[in-house]
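Working through the structure, step by step
Given next are the chains, with one letter for each unit.
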Amino acid sequence: MCALSLYTCNSMSTTSPKQLVDEFKKSGEFDRLRRELLSQFQHSDRITAFKSRIEDIARQRLASDPKLIHMSHDTVHRELMGEIDRYPIVERAVAEAPLLSEADFVANIHTSVQRILGEINGRENAGSDDLTKEDVCELAPKAKLPLPNGDVTETQLR
């Protein structure tokens, strides 16, 4: 969910989107959500394909440059990480995360942000009205995925 869109739509006196993000992190919600997403990914069947793709890229890179075998561990690590970063592996894994498209998950983020906005603005229960499924779908995050040909496609996470 884009905290910026919530900021622009629902905040009267918040000074900046950065303040909202900082407060979201201070509240512990960011870490809780991060841990929840990571745990779900680690226990999903998608992790096997993710690891396999990472291993394939590393093997291809090592096979294409035999000199890497004789370099320091740090240099090899840096080279392999650079190679892996060239591919949208993580972005695809995030875009395919089913939790991000669940209405309850998105609604919980919205509620947390509204509570934080209320705290920032000195109000209690700011935006406590319940979201409808249509509201959540409208607020669903979008992912930008780089394509192999260099183009970027944007997809609604639902």
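Everything discussed here concerns the structure shown above.
Residues numbered from 1 in each chain as written. Predicted model: local features only at pLDDT ≥ 70, side-chain atom pairs only at ≥ 80, totals over all residues. Heavy atoms only, no water.

Notes on the overall build of the chain
Keep this limit in mind: For the purposes of this entry, the term helix denotes a DSSP run of H or I that reaches at least four residues, the term strand denotes a run of E that reaches at least two, and both are numbered from the N terminus. Between buried and exposed lies partly exposed: a residue is buried under 20% and exposed over 50% of the maximum accessible area for its type, with that area taken using a 1.4 Å probe on protein chains only. The protein chains shown are the only cover counted for residues, whose accessible areas, like all others here, come from Shrake-Rupley with a 1.4 Å probe.
Of the regular secondary structure elements, the chain holds 8 helices and 2 strands. Along the chain, helices and strands appear, N-terminal first, in the series α-α-α-α-α-α-α-α-β-β. A buried classification covers 30% of the 158 residues belonging to the chain. Working note: accessible area of the chain is about 10,600 Å², and carbon and sulfur atoms make up 52% of it.

Some thoughts on the packing of aromatic side chains
The following threshold applies: For Phe, Tyr and Trp, rings pair up if their centres lie within 6.5 Å, where Trp contributes its six-membered ring, and each pair is then called stacked (planes under 30 degrees apart), edge-to-face (over 60) or tilted (otherwise). A ring has a charge above it when a Lys NZ or an Arg CZ is no more than 6 Å from the ring centre and no more than 35 degrees off the ring normal.
Within the structure shown, the criterion is met by 1 aromatic pair. Here the aromatic rings of phenylalanine 41 and phenylalanine 50 are separated by 5.3 Å at their centres, their planes lie at 85°, and the arrangement is edge-to-face. Of the residues examined, phenylalanine 41 reaches a relative accessible area of 14% and is grouped as buried. Here the basic side chain of arginine 53 rests over the ring of tyrosine 87, its NZ or CZ set 5.1 Å away from the ring centre.

Description of the packing of helix 4 (residues 46–64) against helix 5 (residues 73–85)
As a reminder, the rule being used: What counts as an axis is a line fitted to C-alpha atoms, over the stretch in contact for a helix, and the angles between N-to-C directions run from 0 to 180 degrees. Our angle categories are set so that under 35 degrees counts as roughly parallel, over 145 as roughly antiparallel, 65 to 115 as roughly perpendicular, and the remainder as oblique. Handedness of a crossing is defined here by the sense of rotation of the near helix relative to the far one, left-handed for an anticlockwise turn of less than a right angle and right-handed for a clockwise turn. Note on contacts: a residue pair qualifies if any of its non-hydrogen atoms lie within 4.5 Å across the two residues.
Across the interface, helix 4 lies against helix 5 with an axial gap of 10 Å and an inter-helix angle of 120°. Relative to helix 5, the element helix 4 is oriented oblique. Note on packing geometry: the crossing formed by helix 4 with helix 5 is right-handed. Residues Ile54, Ile57, Ala58, Arg61 and Leu62 of helix 4 touch helix 5, and the partners they reach there are Val76, Glu79, Leu80, Glu83 and Ile84.

Looking at the environment of leucine 117
Looking at the secondary structure, you find leucine 117 in helix 7 (residues 103–120). For leucine 117, a relative accessible area of 0% corresponds to the buried category. A C-alpha to C-alpha distance of 7.0 Å links leucine 117 and leucine 20, two positions 97 residues apart in sequence.

Let's talk about the pattern of salt bridges
We apply this condition: Only one rule defines a salt bridge in this text: a Lys or Arg side-chain nitrogen within 4 Å of an Asp or Glu carboxyl oxygen.
Using the criterion set out here, one finds 11 salt bridges in the structure. Across the pair arginine 61 and glutamate 79 runs a salt bridge whose closest N-O atoms are separated by 2.6 Å. One end of the pair, arginine 61, is in helix 4; the other, glutamate 79, is in helix 5, and 18 residues separate them in sequence. A relative accessible area of 16% means that arginine 61 is categorised as buried. One connected set of salt bridges, linked through shared partners, spans Arg61, Asp65, Glu79, Glu83 and Arg86.

Let's talk about the nonpolar core
Let me state the cut-off plainly: Here, nonpolar core refers to any group of buried Ala, Val, Leu, Ile, Met, Phe, Trp, Tyr and Cys residues whose side-chain atoms link them within 4.5 Å.
Among the nonpolar cores identified, the biggest contains 11 residues, and these are Leu20, Phe24, Leu33, Ala97, Leu99, Leu100, Phe105, Ile109, Val113, Ile116 and Leu117. Elements with a minimum of two residues in this core: helix 2 (17–26) and helix 7. Tallying contributions element by element places helix 7 first for this core, with 5 residues. Ignoring sequence-local partners within four residues, the contact set of phenylalanine 24 consists of Glu29, Phe30, Leu33, Ile109, Ser112, Val113 and Ile116.

Some details on the side chain of serine 112
Short version of the rule: We define a polar contact as two N or O atoms separated by no more than 3.5 Å, with the added condition that, inside protein, one atom must be a possible hydrogen donor and the other a possible acceptor, whereas residues neighbouring each other in sequence contribute only through side-chain atom pairs.
With respect to the secondary-structure elements, serine 112 resides in helix 7. A distance of 3.0 Å separates the side chain of serine 112 from the side chain of glutamate 29, its partner in a polar contact.

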